[in-house]
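Spelled out from the first residue to the last, the chains are:
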Amino acid sequence: MRIDKLTSKLQTALAAVNDAERAVGAARNQLLPQVDINTTFTRRETAPTLRGSFGVNNFQFASFLSVSMPVDRTPQQTALRTAAMTLSRQRRELTRLERSLAREARQAVRQQNRLRQALGIADAQVSFAEQEVELAAFRYQRGLSNNLDVVNAEANLLAGRAGRVGLLAQLAVAQLQLRATLGTLDPRRDVL
């Protein structure tokens, strides 16, 4: 799986877990009983005239408290269970993606270490090939071998140097992949 897709999927999974947690909270709120507090401004007696009935005298505040809960709460309980299952599924997906990302990071680190070891071996091979060229040139100058030995030694040196350059390029790519896996890669700064 490509690393940039993996990190974007991780961000999406984090958002999905947050949404699922909010859905569970909303479903729990639906299971709470409904509490209503009402206040009224009313008159408790009759007015002697029509004009007196429009006045504000003899009015009092009255408050009422009512608590209601449906007898059958199956839809709310089902919604809560569904939201809890969704949350559990989203958390499992997030854990799976985090493990996948950690595995990719470990693989990138191991690849980088292998390439560093291979680069050390390539350096030793180049050094050995340089000594081999010197020895072949010395033997050719003394007449102990022909120029084919010198050409073969130089070809081995050229192949060793080319292999070393290839390993340096692979190591640079591995370092960029590790930074991309860890989410610290800035293409404008790191690539150019």
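K.L.:
So what exactly am I meant to see when it comes to a positive patch on the surface here?
P.N.:
Together, Arg103, Arg106, Arg110 and Arg114 give the surface a local cluster of positive charge. Following the sequence through the fold, Arg103 ends up in helix H3 (residues 74-142). Look at Arg103 and you get partly exposed, because its relative accessible area is 39%.

K.L.:
Would you explain helix H4 (residues 147-182) in this entry?
P.N.:
The end-to-end C-alpha distance of H4 is 52 Å, a good match for the 52 Å that 36 residues give at a rise of 1.5 Å each. Three or more residues of H4 are buried, namely Val150, Ala153, Leu157, Gly160, Leu167, Leu171, Ala174, Leu178 and Thr181. Immediately beyond the C-terminal end of H4, within one or two residues, lies Gly183, with a positive phi of roughly 80°.

K.L.:
Hey, could you run me through H3 in this one?
P.N.:
Think of an α-helix as 3.6 residues a turn; residues three or four steps apart then line up on the same face. Compared with the 102 Å implied by 1.5 Å per residue over 69 residues, the 101 Å span of H3 between its first and last C-alpha is a close match. Downstream of H3 by one or two residues, Gly143 has phi in the positive range, about 85°.

K.L.:
In this structure, what is going on with a nonpolar patch on the surface? I would like to understand it.
P.N.:
A contiguous nonpolar surface patch, about 440 Å² in accessible area, is contributed by Val35, Ile37, Leu65 and Val67. Only strand S1 (34-43) and strand S2 (59-68) provide two or more residues apiece to the nonpolar patch. Positionally, Leu65 belongs in strand S2. With a relative accessible area of 63%, Leu65 lands in the exposed category.

K.L.:
What am I meant to see in the nonpolar core here?
P.N.:
The nonpolar side chains of soluble globular proteins are, as a tendency, buried together. Grouped together as the largest cluster of nonpolar side chains are 13 residues, with contacts concentrated most on Leu10, Val24, Leu80, Leu87 and Leu94. Considering every element that reaches this core, the biggest residue donor is helix H1 (residues 3-31), with seven residues. Ignoring any residue separated from it by four or fewer positions in sequence, one finds Val24 in contact with Leu80, Ala83, Ala84 and Leu87. One finds Val126, Ala129, Ala153 and Leu157 within the second-largest nonpolar core, a separate group that totals seven residues.

What counts, and at which threshold
Residues numbered from 1 in each chain as written. Predicted model: local features only at pLDDT ≥ 70, side-chain atom pairs only at ≥ 80, totals over all residues. Heavy atoms only, no water. Patch = residues over 30% accessible without salt bridge, like charges linked within 9 Å, V, L, I, M, F, W, Y side chains within 5 Å. Areas by Shrake-Rupley, 256 points an atom, 1.4 Å probe, with all protein chains shown as cover. Salt bridge = Lys/Arg side-chain N within 4 Å of Asp/Glu carboxyl O. Lys, Arg positive; Asp, Glu negative; His and termini not counted. Charge placed at Lys NZ, Arg CZ, Asp CG, Glu CD. Helix = DSSP H or I, 4+ residues; strand = E, 2+ residues; numbered from the N terminus. Buried < 20%, exposed > 50% of the residue type's maximum accessible area, 1.4 Å probe, protein only. Expected span 1.5 Å × (residues − 1). Core = buried A, V, L, I, M, F, W, Y, C linked by side-chain atoms within 4.5 Å. Contact = heavy atoms within 4.5 Å.

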